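A closer look at the structure
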Amino acid sequence: MSARDQILGKIKPLEVVNHPGAFQDASADFDFRASLAVVGARVVTPAELEEIFPGRRRFDKTLDGLSLAEIEVLEIDGEFGVAENGAIWLTEESLPHRVAPFICQHLVINVKKIVPHMHAAYAELGKVNSGFGLFLSGPSKTADIEQSLVIGAHGARSLTVVIN
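Residues numbered from 1 in each chain as written. Predicted model: local features only at pLDDT ≥ 70, side-chain atom pairs only at ≥ 80, totals over all residues. Heavy atoms only, no water.

**Quick notes on the pairing of strand β4 (residues 88-91)**
- What you see with β4 is no split at all: Ile-88 and Leu-90 on one side and Trp-89 and Thr-91 on the other are buried throughout.
- Connecting strand β3 (residues 80-82) to the next strand, β4, in antiparallel fashion are five residues, including Gly-86 with a positive phi near 80°. (Buried < 20%, exposed > 50% of the residue type's maximum accessible area, 1.4 Å probe, protein only. Helix = DSSP H or I, 4+ residues; strand = E, 2+ residues; numbered from the N terminus. Pairing = 2+ DSSP bridges.)

Here it is as structure tokens:
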């Protein structure tokens, strides 16, 4: 037996161990509203939205002559929400500009479909034909070493979700 064979013979076969954070239950019951609350977003009805942001304008693919800096409230449609973490998939087709959700003061997203978890979300991505997309979850947040939380530091100060 060669030295190489002796060394390789001492190697034990790998044992498959489930990672403690691995996804186990594909039928887990996640709550989209609760997940949104955890990330600092609010869920409202269409009537409540009108009370919060009366007279808001919807911007589809055009800004109607406005600059991005002039958009106070941006209302767009999300492709779907993820109940597990409150993330919402956005594509460039629903945005007047790719940076629009990050530069407006208040972001409103209409969601019609909710999937239970990220595994289902990635399955949905194959059904959406877009050149650009992103998961967005909650308003912008940052914290320093002293754990002082600042909302809206790098993007929208609020996220309001309307589930249709």
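The rest of the description comes next.
**Section: the sheet that holds strand β10 (residues 158-163)**
- Pairing is parallel in the open sheet, where four strands are placed in the order β1-β10-β5-β2. Each edge of the sheet is formed by a strand with only one pairing partner; in this case those strands are β1 (42-44) and β2 (73-77). Pairs of neighbouring strands in the sheet enclose a mean axial angle of 25°, with direction left out of account.
- For β2 and strand β5 (residues 106-111), the ladder comprises five bridges, and the chain directions are parallel. Paired with Glu-75 across the bridge in β5 is Val-108. (Axes fitted to C-alpha atoms, helices over the stretch in contact; angles between N-to-C directions.)

**Structural notes on helix α5 (residues 118-125)**
- Within α5 the residues assigned to the buried category are Met-118, Ala-120, Ala-121 and Glu-124. Angularly, the buried residues of α5 cover 155° about the axis, an arc narrow enough to put them on a single face.
- The secondary structure elements touched by the buried residues of α5 are β3, β6 (114-115) and β7 (133-136). (Arc of directions from axis to C-beta. Contact = heavy atoms within 4.5 Å.)

**So, the confidence of the model for the protein**
- The predicted model of the protein has a mean per-residue pLDDT of 84, with 88% of residues at 70 or higher.
- No element of the protein has a lower mean pLDDT than strand β9 (residues 149-151), at 76, and none a higher one than β3, at 95. (pLDDT = per-residue confidence, 0-100.)

**Regarding the packing of aromatic side chains**
- Tallied over the full model, the rule gives three aromatic pairs.
- An aromatic cluster is built from Phe-80, Trp-89, Tyr-122 and Phe-135, whose rings are joined through pairwise contacts. (Phe/Tyr/Trp six-rings, centres within 6.5 Å; stacked < 30°, edge-to-face > 60°.)

**Things to note about the environment of Ala-34**
- With respect to the helices and strands, Ala-34 occurs in helix α2 (residues 32-38).
- C-alpha of Ala-34 to C-alpha of Ala-83: the two residues are 49 residues apart in sequence and 8.4 Å apart in space.

**A closer look at the pairing of β10**
- Among the six residues of β10, five are classified as buried, and the element is accordingly described as predominantly covered.
- In terms of strand pairing, β1 meets β10 through three bridges, oriented parallel. Looking at the pairing, Val-43 lines up with Val-161 of β10.
- Note that β5 and β10 share six bridges and pair parallel. Directly across from His-106, in β10, lies its bridge partner Ser-158.

**Considerations on the side chain of Glu-75**
- Inspection of the secondary structure assignment puts Glu-75 in strand β2.
- Note on Glu-75: relative accessible area 7%, which makes it buried.
- Among the polar contacts listed, one links the side chain of Glu-75 to the side chain of Arg-56, at a separation of 2.7 Å.
- Within polar-contact distance, the side chain of Glu-75 engages the side chain of Asn-110 at 3.0 Å. (Polar contact = N/O pair within 3.5 Å; in protein donor to acceptor, adjacent residues only side chain to side chain.)

**What about the environment of Lys-113?**
- For Lys-113, the location among the structural elements is in the loop between β5 and β6.
- Excluding anything up to four places from it in sequence, Lys-113 contacts Glu-79, Phe-80, Gly-81 and Glu-124.
- A polar contact of 2.9 Å, which involves the side chain of Lys-113, links it to the side chain of Glu-124.

**Side note on the nonpolar core**
- In this structure, Leu-107 and Ile-109 are the most contacted members of the largest nonpolar core, which totals 22 residues.
- Only α2, β2, β4, β5, β7 and β10 provide two or more residues apiece to this core.
- Considering each element in turn, this core owes the most residues, three residues, to β5.
- Those residues in contact with Ile-109, other than ones at most four positions away along the chain, are Ile-76, Asp-77, Gly-78, Ile-88, Leu-90, Leu-136, Leu-159, Thr-160, Val-161 and Val-162. (Core = buried A, V, L, I, M, F, W, Y, C linked by side-chain atoms within 4.5 Å.)

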